[in-house]
Amino acid sequence: MAYSNEFSDNFGHIWRIMVWCVISEDQLGIYLELVDGNPCWMECRFQLIHPEPKKIIHKKIKQFFDGGSQKDWGFRDFVTLGTILDDNYLKEDDSLELLYHIRPCPAAAASVAAGCSGVSE
């Protein structure tokens, strides 16, 4: 498991990203975590960069973060480890390039999504 450095948004929330591998399930997972700040609805888009733009993997969530029981949300199965290795996502230094974008989203729009959370690929 690895954590990003903490970062803040324009509203004073402190965030970090958590990435881990579940080798037995051939999965790389990625989550956005609210470290500190008031409860909020956020939209987050993760992108796993590839030298060929058509192979960039991206997924987006819209989720309520309360800092308590609902402090993080993401994708347990963002991409398979096999895909990372077989399709050349690893850079020469054995690192991955991951981009993220977060922004607030209105509760009314986000709560329309299934179960008050939304996930899209």
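Whatever comes next refers back to the structure up there.
First, a word on scope: everything that follows refers to the structure included in this document. As the structure is a prediction and not an experimental result, all values here were calculated from the model.

Focus: the overall build of the protein chain
Part 1: Along the backbone of the protein chain there are two helices and nine strands.
Part 2: Listed by position from the N terminus, the elements making up the protein chain come as β-β-β-β-β-β-β-α-β-α-β.
Part 3: Across the protein chain, every contact between residues at least 6 apart in sequence was considered, and the portion connecting residues at least 24 apart equals 56%.

Some remarks on unusual backbone geometry
Part 1: Its identity as a non-glycine residue notwithstanding, D26 has a phi of 55°, on the positive side.
Part 2: Along the chain, D26 falls in the loop between β3 (14-22) and β4 (27-36).

Quick notes on a nonpolar patch on the surface
Part 1: Taken together, the side chains of L85, L90 and L96 make up a nonpolar region of the molecular surface, amounting to roughly 240 Å² of accessible area.
Part 2: When you line up the elements, L90 lands in the loop between α1 (81-86) and β8 (98-104).
Part 3: With relative accessibility at 33%, the residue L90 sits in the partly exposed group.

Some remarks on the packing of aromatic side chains
Part 1: Across all of its chains, the model carries seven aromatic pairs by this definition.
Part 2: Taking the centre distance of 5.1 Å and the plane angle of 85° together, the rings of W15 and F65 count as edge-to-face. Of this pair, W15 sits in strand β3 while F65 sits in strand β6 (residues 57-65), placing them 50 residues apart in sequence. By the burial criterion, W15 is buried, and F65 matches it.
Part 3: Ring pairing ties together the aromatic residues F46, F75 and F78, which thus form one cluster.
Part 4: Directly above the aromatic system of Y3 lies the positively charged group of R16, at a separation of 3.8 Å from the ring centroid.

Reading the values: the criteria
- Residues numbered from 1 in each chain as written.
- Predicted model: local features only at pLDDT ≥ 70, side-chain atom pairs only at ≥ 80, totals over all residues.
- Heavy atoms only, no water.
- Helix = DSSP H or I, 4+ residues; strand = E, 2+ residues; numbered from the N terminus.
- Contact = heavy atoms within 4.5 Å.
- Patch = residues over 30% accessible without salt bridge, like charges linked within 9 Å, V, L, I, M, F, W, Y side chains within 5 Å.
- Areas by Shrake-Rupley, 256 points an atom, 1.4 Å probe, with all protein chains shown as cover.
- Salt bridge = Lys/Arg side-chain N within 4 Å of Asp/Glu carboxyl O.
- Buried < 20%, exposed > 50% of the residue type's maximum accessible area, 1.4 Å probe, protein only.
- Phe/Tyr/Trp six-rings, centres within 6.5 Å; stacked < 30°, edge-to-face > 60°.
- Lys NZ or Arg CZ within 6 Å of the ring centre and 35° of its normal.

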